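# Architecture at a glance
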Amino acid sequence: MSTFKTVAELVPFKEICHIYVQIILIQSGGAYRTSKHAYLIEFVCNTRVCVCDFLPRALTGFQPVAFRDILDGLVNTEYLVDVIDQIVGVSHFEIVSLNGKDTEKITLELQNQLSDRLTVHLLGKYAIFVHDATQNLIQKKCIICVIRFAKIGVFKGNLHQQRYIVMCTIAAIDYDMGWYYMSCKICWKRVLLVPSDHMKNYYCAKCNNYRSELLPRYNLQLVVLDNTGHSKFLLLDNLAEELLGIPCVALYGSSSDQIEDPVVVHSVLSKLVGGTYFCKIVIEEQNFMFNCQTFKVLEIIPTYEF
Ligand SMILES: [Zn+2]
């Protein structure tokens, strides 16, 4: 058996089998527990460790949980979990604010053999590592991702306003409710059409103005699919313009008197169909109150497909 070393003398990932002496045993608790054991071992400055010949495989402690159990809320969220499965989507690299600090973030979509999917957010060095790893891999190759000690996210906040990120493909555009709305150029609010003898009059309730300058803005109802089924998402002006690369007013025609050509409009808008994205959507009060099945998109994150 090798000689004892201090923890600081160890070479990470080279010396994997150790026994420990002079440790502190502390009671396990909190919302980030790594195991079901009641106590944790803590290293102190005089802890000495030594390479041992054999480490029983079971001691690695890797216990992947079933996606379905997480999705069905059967897993205790106080414990960190291990997950393993195939990466089927990776978001673009983002910088987000976490506790006031800029932090790297990517979002993964994992799929298991039963076609259950799990969305995983990686932050900091883990986001950089997986981003770099997936950049260098050839597409269409199966990539298996192993994550130890993942925290199961519980959606916090108001029951009547919940946000989710879902990976979905745009299957169609529903034109039943039109594809734009006429807004007040000043306040962006939808204007009301007021019947008049000779001409169309629009009233902005917010500005209390019957002669508001008008601006058409996108109001697209997308039929989206994921592996669980289909749904309807509402894509509003800025996000739609970002994806289409053309402002609504240009597609509508520079003059508000001009009658838009549905063939041209539909051919431009149909470019969205077939695209796969991570969509951050919000479930709002009206979705609960009026059983409205259309969900507003707050953000679109492009994906790499594998
Ligand atoms: Zn207004």
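Quick look at the structure, then. (Residues numbered from 1 in each chain as written. Predicted model: local features only at pLDDT ≥ 70, side-chain atom pairs only at ≥ 80, totals over all residues. Heavy atoms only, no water.)

All right, on to the environment of tyrosine 210 then. On the secondary structure map, tyrosine 210 appears in the loop between strand S12 (201-203) and strand S13 (214-226). Put simply, tyrosine 210 and leucine 192 are 18 residues apart on the chain and 9.3 Å apart in space, counted from C-alpha to C-alpha. Apart from the residues within four sequence positions on either side, tyrosine 210 is in contact with Val194, Asn201, Tyr202 and Tyr203. (Helix = DSSP H or I, 4+ residues; strand = E, 2+ residues; numbered from the N terminus. Contact = heavy atoms within 4.5 Å.)

Scanning the model with the defined rule gives 0 disulfides in all. As a non-bridged cysteine, cysteine 279 has cysteine 168 as the owner of its nearest cysteine sulfur, 3.8 Å distant. (Disulfide = S-S within 2.5 Å.)

With that settled, the discussion passes to the nonpolar core. Judged by nonpolar contacts, the single largest core of 33 residues is most densely connected at Trp179, Tyr218, Leu220, Leu235 and Leu269. Beyond its immediate stretch of four places on either side in the chain, leucine 235 contacts Tyr218, Asn219, Leu220, Leu222, Ala240, Leu243, Leu272, Val297 and Ile300. Within the second largest apolar cluster, 20 residues are counted, among which are Val75, Val81, Val120 and Ile152. (Core = buried A, V, L, I, M, F, W, Y, C linked by side-chain atoms within 4.5 Å. Buried < 20%, exposed > 50% of the residue type's maximum accessible area, 1.4 Å probe, protein only.)

Attention now goes to the coordination of the zinc ion. By definition of the ideal shapes, four donors in a tetrahedron about a metal sit 109.5 degrees apart, and six donors in an octahedron sit 90 or 180 degrees apart. Coordination of the zinc ion by the protein comes from Cys184 (SG), Cys187 (SG), Cys204 (SG) and Cys207 (SG), over a distance range of 2.2 to 2.3 Å. Bound by 4 donor atoms, the zinc ion shows angles of 99 to 114° at the metal and therefore tetrahedral coordination geometry. Motif for the zinc ion, donor spacing along one chain: C-x2-C-x16-C-x2-C. Of this pair, cysteine 184 sits in strand S10 (residues 180-184) while cysteine 204 sits in the loop between S12 and S13, and the two are 20 residues apart along the sequence. Taken as a pair, cysteine 184 and cysteine 204 share a single burial class, namely buried. (Donors = N, O, S within 2.8 Å, 3.2 Å for Na, K, Ca; no water. Tetrahedral: all angles 85-135°; square planar, octahedral: opposite > 155°, others 65-115°.)

Tallying each qualifying case throughout the model produces 6 salt bridges. Here aspartate 72 and arginine 68 are joined by a salt bridge, their closest N and O atoms 3.1 Å apart. For aspartate 72, a relative accessible area of 44% puts it in the partly exposed group. Ionic pairing is found between lysine 280 and glutamate 299, a salt bridge with its closest N-O pair at 3.2 Å. Placement of the pair is lysine 280 in strand S15 (residues 276-283) and glutamate 299 in strand S16 (residues 294-305), with a sequence separation of 19 residues. (Salt bridge = Lys/Arg side-chain N within 4 Å of Asp/Glu carboxyl O.)

By themselves these figures say nothing about function.
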